[in-house]
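As a plain string of letters, each chain reads:
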Amino acid sequence: MENQNTKKIPIIIVNVVIIAAILIFVVIYSRIASRDSYQRQIENFVNTTVTMEQVTENYLEGEQKVCDVWARYIKSSAMTMEEAAEYIRASHVLADTSAHLVSLDTLTGLSTRPKQGTSDDYAVSYERINVLDCMNLTDDIGKSINITRAYTNPMNGEQSLAFCNTVTLYDTEKNSSETAVLLRVIPISELEKKWVFPQTELVNAALSMIDADGDYILKGYSFKNSSFFEFYKSYNKSDPGSVDQLFKKNHFYNRICHNA
């Protein structure tokens, strides 16, 4: 009997070693599979974000080109502000978009859509809207994307952004030329419909778009605070110096009002 028990000990040891090896293999394999799956999710998210960046860039370029075409025609035709507004008004296709022609001297001008609640009031003022003071409009038409930060459209109160160009208009009262800004105004709500993550794989993903100062152009539902930089500071422990250095490295940081 004692000999039989002695013979069983090596078998038991071998079985224990086999079971332990199997358990170790399962644990290691699970960790590797989990790590690979996590890495694939990261790569998929990055690829999706890069694709959306390219789509967004193409969209911005397309909208800017519409503004470029208007501006080039207006500059070559020696139009008055009224004539330019009428020309753009006749070329509108989308009901939710509009254009504003604003004199740089007075910050007032004309809209191609009437003020909300009226049918014939086309006067528009940017005197209390600080979006033109930071615009860099020195590039030739067609050379860059000139986009404002998000602001309130003075004609209807909607949060909007605008693609811009400078144009030269003829002032009949002064019998001279004046410089104005042409703004192609698009509601933020229209942009939110176009830029969404694929819901099959990234169900809980939220999309935000920021300008050079970190202010939200499009604000995802999970993004808090008044700007993305403030949001980042709230949820990441770091000293102010390193945070400022990180933001300055961001390629948007040094391209104020000049996003592409």
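This is a predicted model, so every value here is computed, not measured. (Residues numbered from 1 in each chain as written. Predicted model: local features only at pLDDT ≥ 70, side-chain atom pairs only at ≥ 80, totals over all residues. Heavy atoms only, no water.)

### Digging into the confidence of the model for the protein chain
Thinking step 1. Looking at the protein chain, pLDDT values average 81 and 84% of them are 70 or higher.
Thinking step 2. Segment residues 251–260: pLDDT under 50, and 33 contacts once partners within four positions in sequence are set aside and those in other chains are kept. (pLDDT = per-residue confidence, 0-100. Contact = heavy atoms within 4.5 Å.)

### Observations regarding the packing of aromatic side chains
Thinking step 1. Per the stated rule, a full pass over the model turns up seven aromatic pairs.
Thinking step 2. The interplanar angle of 35° and the centroid separation of 4.7 Å between the aromatic rings of Tyr 73 and Tyr 87 together place this pair among those described as tilted. Of this pair, Tyr 73 sits in helix α1 (residues 2–77) while Tyr 87 sits in helix α2 (residues 81–91), and the two are 14 residues apart along the sequence.
Thinking step 3. What makes Tyr 73 partly exposed here is its relative accessible area of 41%.
Thinking step 4. Under the relative-accessibility criterion, Tyr 87 is labelled partly exposed at 24%.
Thinking step 5. Following the ring pairs from residue to residue traces out a cluster consisting of Phe 223, Phe 228, Phe 229 and Phe 231. (Phe/Tyr/Trp six-rings, centres within 6.5 Å; stacked < 30°, edge-to-face > 60°. Helix = DSSP H or I, 4+ residues; strand = E, 2+ residues; numbered from the N terminus. Buried < 20%, exposed > 50% of the residue type's maximum accessible area, 1.4 Å probe, protein only.)

### Some remarks on the sheet that holds strand β4 (residues 151–152)
Thinking step 1. Taking strand neighbours across the sheet as the criterion, the six strands line up as β3-β2-β1-β6-β5-β4 in an open arrangement whose pairing is antiparallel. Each edge of the sheet is formed by a strand with only one pairing partner; in this case those strands are β3 (123–125) and β4.
Thinking step 2. As defined by bridge partners, strand β5 (residues 159–171) adjoins strand β6 (residues 176–187) across 12 bridges and the pair is classed as antiparallel. Paired with Phe 163 across the strands is Arg 184, a residue of β6. (Pairing = 2+ DSSP bridges.)

### Digging into a nonpolar patch on the surface
Thinking step 1. Side chains of Val 14, Ile 18, Ile 22, Phe 25, Val 26 and Tyr 29 sit close together on the surface and give an oily, nonpolar patch of about 600 Å² of accessible area.
Thinking step 2. Within the secondary structure, Phe 25 is located in helix α1.
Thinking step 3. Judged by relative accessible area, Phe 25 falls into the exposed class, the value being 54%. (Patch = residues over 30% accessible without salt bridge, like charges linked within 9 Å, V, L, I, M, F, W, Y side chains within 5 Å. Areas by Shrake-Rupley, 256 points an atom, 1.4 Å probe, with all protein chains shown as cover. Salt bridge = Lys/Arg side-chain N within 4 Å of Asp/Glu carboxyl O.)

### A short note on α2
Thinking step 1. Within the sequence span of α2, burial applies to Met 81, Ala 84, Ala 85 and Ile 88. Mapping the buried residues of α2 onto a view down its axis gives an arc of 100°, with all of them on the same face. Of the exposed residues in α2, the ones pointing more than 90 degrees away from its buried face are Glu 82 and Ala 90. (Arc of directions from axis to C-beta.)

### Thoughts on the pattern of salt bridges
Thinking step 1. Summed over the entire model, instances satisfying the criterion amount to two salt bridges.
Thinking step 2. Here Arg 184 and Glu 63 are joined by a salt bridge, their closest N and O atoms 2.6 Å apart. Of this pair, Arg 184 sits in strand β6 while Glu 63 sits in helix α1; the two residues are 121 residues apart in sequence, bridging distant segments of the chain. As far as the burial class goes, Arg 184 and Glu 63 line up, both buried.
Thinking step 3. Of the charged contacts in the structure, one is a salt bridge between Arg 89 and Glu 86, with a shortest N-O distance of 2.7 Å. Note that Arg 89 and Glu 86 are positioned in helix α2 at a spacing of three residues, about one turn of the helix.

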